[in-house]
Amino acid sequence: AQSVSQHNHHVILSEAASLELGCNYSYGGTVNLFWYVQYPGQHLQLLLKYFSGDPLVKGIKGFEAEFIKSKFSFNLRKPSVQWSDTAEYFCAVNEGFQKLVFGTGTRLLVSP
Amino acid sequence: DTEVTQTPKHLVMGMTNKKSLKCEQHMGHRAMYWYKQKAKKPPELMFVYSYEKLSINESVPSRFSPECPNSSLLNLHLHALQPEDSALYLCASSYREYQETQYFGPGTRLLVL
């Protein structure tokens, strides 16, 4: 069964710092990859997704992610974070006719 | 419009009560999902409906009973819940069941006393 690892459970950054959140998945076949964000008190929102094509995916709010098939990774990046990026970030993967599997989440705190 | 709505936002119920959660989408999606999310944990899949038929039940206790009256509506009937069932219950929908982006509602925060 597919599993998803997010190695950074808590990340604290100052505003304007660069962000990279790791995501690794276990299955090496055809996968769909997602990053969702959950702002405090709000619902899960889609940040970006990868189905096929260009492995560098751009999402909303200046986020991007790179799919590296050889490393089973889909890391999330942002060049310069803002206080409003404080949230929990979930990586999620589904493969073929399987359910969406979420990572354990990374809680990001951006200090002003 | 990628909106999934859920009612109520908050619900407090006793262990002998019967209540229902409601989810609605008007995006023409044919797959709808119930997830349970405990604090500081990722969402866990409970049920999937595809074309109004139950497709997946992730071994959820029978005190949770899903219902899909039509392609836009999804209900979750609750009966004789336990305090450990307190959680955020999320509804999601997607165009089809597999290999599609799921859009989530705001959730119903449930407290079982």
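Look above for the structure.
Residues numbered from 1 in each chain as written. Chains lettered and ligands numbered in written order. Predicted model: local features only at pLDDT ≥ 70, side-chain atom pairs only at ≥ 80, totals over all residues. Heavy atoms only, no water.

Regarding the overall build of chain A
- Summing up its helical and strand segments, chain A has zero helices and 12 strands in all.
- Listed N to C, the secondary structure of chain A is β-β-β-β-β-β-β-β-β-β-β-β in terms of helices and strands.
- Rg of the C-alpha trace for chain A: 13 Å, near the compact-globule value of 13 Å for 112 residues, within the 12% margin.
- Summarising its shape, the C-alpha atoms of chain A cover approximately 40 × 25 × 20 Å along the three principal directions.
- Out of the 112 residues belonging to chain A, those deemed buried represent 48%.
- At a minimum sequence separation of 6, the contacts of chain A that also span at least 24 residues come to 54%.
- On chain A, roughly 5,400 Å² of surface is accessible, and the fraction owed to carbon and sulfur atoms is 55%. (Helix = DSSP H or I, 4+ residues; strand = E, 2+ residues; numbered from the N terminus. Rg over C-alpha atoms; globule rule 2.2 N^0.38 Å. Buried < 20%, exposed > 50% of the residue type's maximum accessible area, 1.4 Å probe, protein only. Contact = heavy atoms within 4.5 Å. Areas by Shrake-Rupley, 256 points an atom, 1.4 Å probe, with all protein chains shown as cover.)

Focus: the packing of aromatic side chains
Residues and elements named next belong to chain A.
- For the coordinates displayed, the defined rule picks out 14 aromatic pairs over all chains.
- Taking the centre distance of 5.9 Å and the plane angle of 45° together, the rings of Tyr36 and Phe102 count as tilted. Of this pair, Tyr36 sits in strand S5 (residues 31-38) while Phe102 is found in strand S11 (residues 101-102), placing the two residues 66 residues apart along the sequence.
- Judged by its relative accessible area of 1%, Tyr36 is buried.
- Residues Tyr50 and Phe67 carry aromatic rings whose centres are separated by 4.6 Å and whose planes lie at 35° to one another, so their mutual orientation is tilted. Of this pair, Tyr50 sits in strand S6 (residues 44-50) while Phe67 is found in strand S8 (residues 64-68), placing the two residues 17 residues apart along the sequence.
- The exposure class assigned to Tyr50 is buried, which follows from its relative accessible area of 9%. (Phe/Tyr/Trp six-rings, centres within 6.5 Å; stacked < 30°, edge-to-face > 60°.)

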